[in-house]
Amino acid sequence: MTEIRWFDDNTSLAPALAAAVAEDVRAALATDPAAILAVSGGRSPVPVFEALREADLDWARVIVTLVDERWVPETDPASNAALVKTHLLQGKAAAARFLPLYTGDASAAAAETRLARSFAELPRPFAALILGMGDDGHTASLFPASPNLEAGLALGGTVENTPPCLAQVGAIAPTERVSLTLPWILDARHIYLQFGGAGKVEVFNAALAGPNRQYPVSFVLAQTRTPVTVFAARS
Ligand SMILES: O=C(O)[C@H](O)[C@@H](O)[C@H](O)[C@H](O)COP(=O)(O)O
């Protein structure tokens, strides 16, 4: 269920990934009143966002949300919401509705119930979901160092018995994060995993070997429920 598409660099990868995601959203809008797109933060998605925002879609029927968030307000440079608003929700895509994860609660843990209510109202599944991957094999904010990684992976869990969002603390000091849990990540018609650089290629190959808590992304690659297309840049 995992296809791998190789590119020389992120510059050549970005338009191809944007086109694939746009096609998934378009297909969802052809049958459903709204399409939900979940995206990751970090540096890699920026050129993808800037290509995707120009896609000819009925953006007014698209809901964009995040796969994870650092627990900071949008005024903070670490905010994924700010990244998405700056690079994706511009131009044609400005018409989309945005569902942030940062709620202003004192902590991500305090916001979990509120976030569960927001996600319960979303039509499912996600039309498309874009994941990144860190040098340590993390994806979303499911870090090997997270003390509650097991709760985030919720192996064997379903969207019915697993909260959509869980705080991930202690993984990245000093910022607490909130992450979609794995069952909710997998509740998508199509998952895209994007990464680049020789170091990450090595981590990716290790994660391909099979499910391994040392590389949380491996649980996305090992599952057979949701199609995964990897967009990998060699440099
Ligand atoms: O909030 C985040 O930082 C992301 O969701 C995170 O999981 C990201 O996808 C990876 O860390 C890769 O980040 P880069 O694209 O910057 O390498």
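Since we're looking at a predicted model, the values are computed, not measured.

Considerations on the overall build of the protein
Then comes step 1: When helices and strands are counted, the protein shows eight helices and 10 strands.
Then comes step 2: For 235 residues, the compact-globule estimate of 2.2 N^0.38 gives 18 Å, and the C-alpha radius of gyration of the protein, at 16 Å, lies within 12% of that figure.
Then comes step 3: Taken along its principal axes, the extent of the C-alpha atoms in the protein is 40 × 40 × 35 Å.
Then comes step 4: Within the protein, residue pairs in contact and separated by at least 24 positions form 76% of the contacts whose partners lie at least 6 positions apart.
Then comes step 5: Of the roughly 9600 Å² that the protein leaves accessible, carbon and sulfur atoms contribute 53%.
Then comes step 6: Distance from the positive charge centre (18 side chains) to the negative charge centre (24 side chains) of the protein: 3 Å.

Quick notes on the site of the ligand
Then comes step 1: The environment of the ligand is made up of 14 residues, and the closest members are Arg43, Ser44, Asp68, Ala140 and Lys200.
Then comes step 2: Between an oxygen atom of the ligand and a side-chain N or O atom of histidine 138, the distance comes to 2.8 Å.
Then comes step 3: Across the complex, the protein chains shield 93% of the 410 Å² of accessible surface that the ligand would expose by itself.
Then comes step 4: Class assignment for the residues of the shell around the ligand results in two nonpolar, seven polar and five charged.

Points about the sheet that holds strand E6 (residues 128-131)
Then comes step 1: The seven strands are arranged E1-E10-E9-E6-E2-E3-E5 in an open sheet whose pairing can be described as parallel. At either end of the open sheet lies a strand with only one pairing partner, and these are strand E1 (2-7) and strand E5 (97-99). Each strand of the sheet is rotated relative to its neighbour by a mean of 20°, with strand direction disregarded.
Then comes step 2: One ladder, built from three bridges, connects strand E3 (residues 62-66) with E5; its direction is parallel. By the bridge assignment for E5, isoleucine 63 is matched with arginine 97.
Then comes step 3: The strands touched by helix H1 (residues 10-31) are E1, strand E2 (35-39), E3, E6, strand E9 (191-196) and strand E10 (228-233); relative to E9, the strand with the most contacts, the crossing angle is about 170°.

A look at helix H2 (residues 45-52)
One full turn of an α-helix is made of 3.6 residues, so residues set three or four places apart face in the same direction.
Then comes step 1: If you check which residues of H2 are buried, you get Pro45, Val46, Val48, Phe49 and Leu52. Summarising the axial view, the buried residues of H2 lie within an arc of 160°, below the 170-degree limit, and thus occupy one face.
Then comes step 2: The inward-facing, buried residues of H2 contact H1, E2, helix H3 (80-87) and E9.

So, the sheet that holds strand E7 (residues 165-168)
The strands making up a sheet associate through hydrogen bonds between their backbones, and the pairing can be parallel or antiparallel.
Then comes step 1: Taken together, three strands build an open sheet; the order of strands is E4-E8-E7 and the sheet is antiparallel. Single-partner strands in this sheet number two, and they are strand E4 (68-70) and E7. Taken over all neighbouring pairs, the strand axes of this sheet differ in orientation by 20° on average, direction set aside.
Then comes step 2: Direction of pairing for E7 relative to strand E8 (residues 177-180): antiparallel, over a ladder of four bridges. Across the sheet, glutamine 168 pairs through a bridge with arginine 177, a residue of E8.
Then comes step 3: In this fold helix H4 (residues 108-120) packs onto E7 and E8, with an angle of close to 160° to the strand it touches most, E7.

Here's the deal with helix H7 (residues 198-208)
Then comes step 1: Every buried residue of H7 is listed here: Lys200, Val201, Val203, Phe204 and Ala207. In a view along the axis of H7, the buried residues occupy a sector of 165°, so they form one face of it. Those residues of H7 that are exposed and aimed more than 90 degrees away from the buried face are Ala198 and Glu202.
Then comes step 2: Where H7 is buried, its residues touch E1, E9, helix H8 (217-222) and E10.
Then comes step 3: Just downstream of H7 lies glycine 210, where phi reads positive at about 150°.

Quick word on the environment of threonine 86
Then comes step 1: Mapped onto the fold, threonine 86 is located in helix H3.
Then comes step 2: You can call threonine 86 partly exposed: its relative accessible area is 45%.
Then comes step 3: In sequence terms threonine 86 and glutamate 50 are 36 residues apart; their C-alpha atoms lie 9.3 Å from each other.
Then comes step 4: Separated by 2.7 Å, the side chain of threonine 86 and the backbone oxygen of alanine 82 make a polar contact.

Reading the values: the criteria
- Residues numbered from 1 in each chain as written.
- Predicted model: local features only at pLDDT ≥ 70, side-chain atom pairs only at ≥ 80, totals over all residues.
- Heavy atoms only, no water.
- Helix = DSSP H or I, 4+ residues; strand = E, 2+ residues; numbered from the N terminus.
- Rg over C-alpha atoms; globule rule 2.2 N^0.38 Å.
- Contact = heavy atoms within 4.5 Å.
- Areas by Shrake-Rupley, 256 points an atom, 1.4 Å probe, with all protein chains shown as cover.
- Lys, Arg positive; Asp, Glu negative; His and termini not counted.
- Charge placed at Lys NZ, Arg CZ, Asp CG, Glu CD.
- Near = heavy atom within 4 Å.
- Polar contact = N/O pair within 3.5 Å; in protein donor to acceptor, adjacent residues only side chain to side chain.
- Nonpolar A, V, L, I, M, F, W, Y, C, P; charged D, E, K, R; others polar.
- Pairing = 2+ DSSP bridges.
- Axes fitted to C-alpha atoms, helices over the stretch in contact; angles between N-to-C directions.
- Buried < 20%, exposed > 50% of the residue type's maximum accessible area, 1.4 Å probe, protein only.
- Arc of directions from axis to C-beta.

Shape is all these values report; function is a separate question.
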